[in-house]
Amino acid sequence: MIRTLIKIGIWCSFLLIIVLALTWSVDSWVKRSAEQQVYNDIGKVPYNRVGMLLGTAKYLRGGRINLYYKYRIEAAGKLYKANKIDYVLVSGDNSTKSYDEPTTIKNDLIKMGIPADKIYLDYAGFRTLDSVVRSQKIFGQNKLTVISQRFHNERAIFISQFKNMEMIGFNAKDVSKHYGFKVKVREKLARVKMILDLVFGKQPHFLGEKIEIK
């Protein structure tokens, strides 16, 4: 019995090491693949006609503002006012009538000074993969600027490279390590899942009719 438990413990430890090594390898791969395409300095960001803002919830549980959301809105406003983009494609989750990320983001972008007719909404951006693929297949964009925090931009850019798109990222301000710890841990796992989705040809939940950005 003891020997059996020892063997099980050894195998579990071995599998854990493999999982950790795989996760670290994928994380490093994604970072290296995107490192030349992400920008922090607004003055150095190349111009693209369209910027895609990746959605998230505006409020956290308890009613506090989500800083990831706040900083993404600010980043999109900076890009537009600096004439680095002409349009904003907002891609977010509108899976229920009571939860509508794109419209909420649009309203706040308008408050930032971006005209309503310069904003397009993708209501089916349930995942980053969906957002990237739909920007190409539905909105006809093969070259654009993605707007989110750096870790998120890196993953979006990696997907775009797999889909033969030209994407750069403008990094929204990040949050403190304490504030964003859980998000960063989930991101490591999300990158592994992303690789599996790409390898097995995972498609967006919805496609639909094409929408021209003009």
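Scroll up to find the structure this text is about.
Keep in mind that what you see is a predicted model, and the values were worked out from it rather than measured. (Residues numbered from 1 in each chain as written. Predicted model: local features only at pLDDT ≥ 70, side-chain atom pairs only at ≥ 80, totals over all residues. Heavy atoms only, no water.)

Remarks on the nonpolar core
- Judged by nonpolar contacts, the single largest core of 28 residues is most densely connected at Met52, Val132, Val146, Met167 and Met194.
- Elements with a contribution of two residues or more to this core: α1 (2-34), β2 (50-54), β3 (87-91), α4 (128-137), β5 (143-149), α5 (150-162) and α6 (181-199).
- Beyond its immediate chain neighbours, meaning those up to four positions away, Met194 contacts Val30, Arg155, Phe158 and Ile159.
- By size, the runner-up hydrophobic cluster in this structure holds 24 residues, among which are Leu53, Tyr69, Ala75 and Val175. (Core = buried A, V, L, I, M, F, W, Y, C linked by side-chain atoms within 4.5 Å. Buried < 20%, exposed > 50% of the residue type's maximum accessible area, 1.4 Å probe, protein only. Helix = DSSP H or I, 4+ residues; strand = E, 2+ residues; numbered from the N terminus. Contact = heavy atoms within 4.5 Å.)

A word on the pattern of salt bridges
- Tallied over the entire structure, the rule returns 15 salt bridges.
- A salt bridge links Asp197 to Arg127, with the nearest nitrogen and oxygen atoms 3.6 Å apart. Of the two residues, Asp197 is situated in helix α6 and Arg127 in the loop between β4 (119-122) and α4; the sequence distance between them amounts to 70 residues.
- One salt bridge in this structure joins Glu187 and Arg155, with 2.8 Å as the shortest N-O distance. Here Glu187, found in helix α6, pairs with Arg155, found in helix α5; they are 32 residues apart in sequence, far enough to count as distant. The burial state of Glu187 is the same as that of Arg155; both residues are buried. (Salt bridge = Lys/Arg side-chain N within 4 Å of Asp/Glu carboxyl O.)

A few points about unusual backbone geometry
- You will see that Asn83, though not glycine, has its phi angle at about 60°, which is positive.
- Structurally, Asn83 can be placed in the loop between α2 (67-81) and β3.
- The exposure class of Asn83 is exposed, given its relative accessible area of 60%.
- Positioned with a positive phi, Asn164 is a non-glycine residue whose angle comes to about 60°.

Regarding the pairing of β3
- Burial analysis of β3 places five of its five residues in the buried class, the great majority of the element.
- The alternating pattern of β3 places Tyr87, Leu89 and Ser91 and Val88 and Val90 on opposite faces, both of which are buried.
- Where β2 meets β3, five bridges bridge the pair, whose relative direction is parallel. When the bridges of β3 are listed, Met52 appears paired with Leu89.
- Handedness of the β-α-β unit built from β2, α2 and β3 comes out right-handed.
- Bridge count for β3 against β4 is four bridges, and the pairing is parallel. (Pairing = 2+ DSSP bridges. Right-handed = clockwise from strand over helix to strand, strands pointing away.)

What about the packing of aromatic side chains?
- For the coordinates displayed, the defined rule picks out four aromatic pairs.
- Taken together, a centroid distance of 5.0 Å and an interplanar angle of 85° make the contact between Trp29 and Phe158 edge-to-face. One end of the pair, Trp29, is in helix α1; the other, Phe158, is in helix α5, and 129 residues separate them in sequence.
- Judged by relative accessible area, which is 41%, Trp29 ranks as partly exposed.
- Considering the side-chain rings of Phe126 and Phe206, the 5.9 Å spacing of their centres and the 65° angle between planes classify their relative orientation as edge-to-face. (Phe/Tyr/Trp six-rings, centres within 6.5 Å; stacked < 30°, edge-to-face > 60°.)

This is a description of form; function is not addressed.
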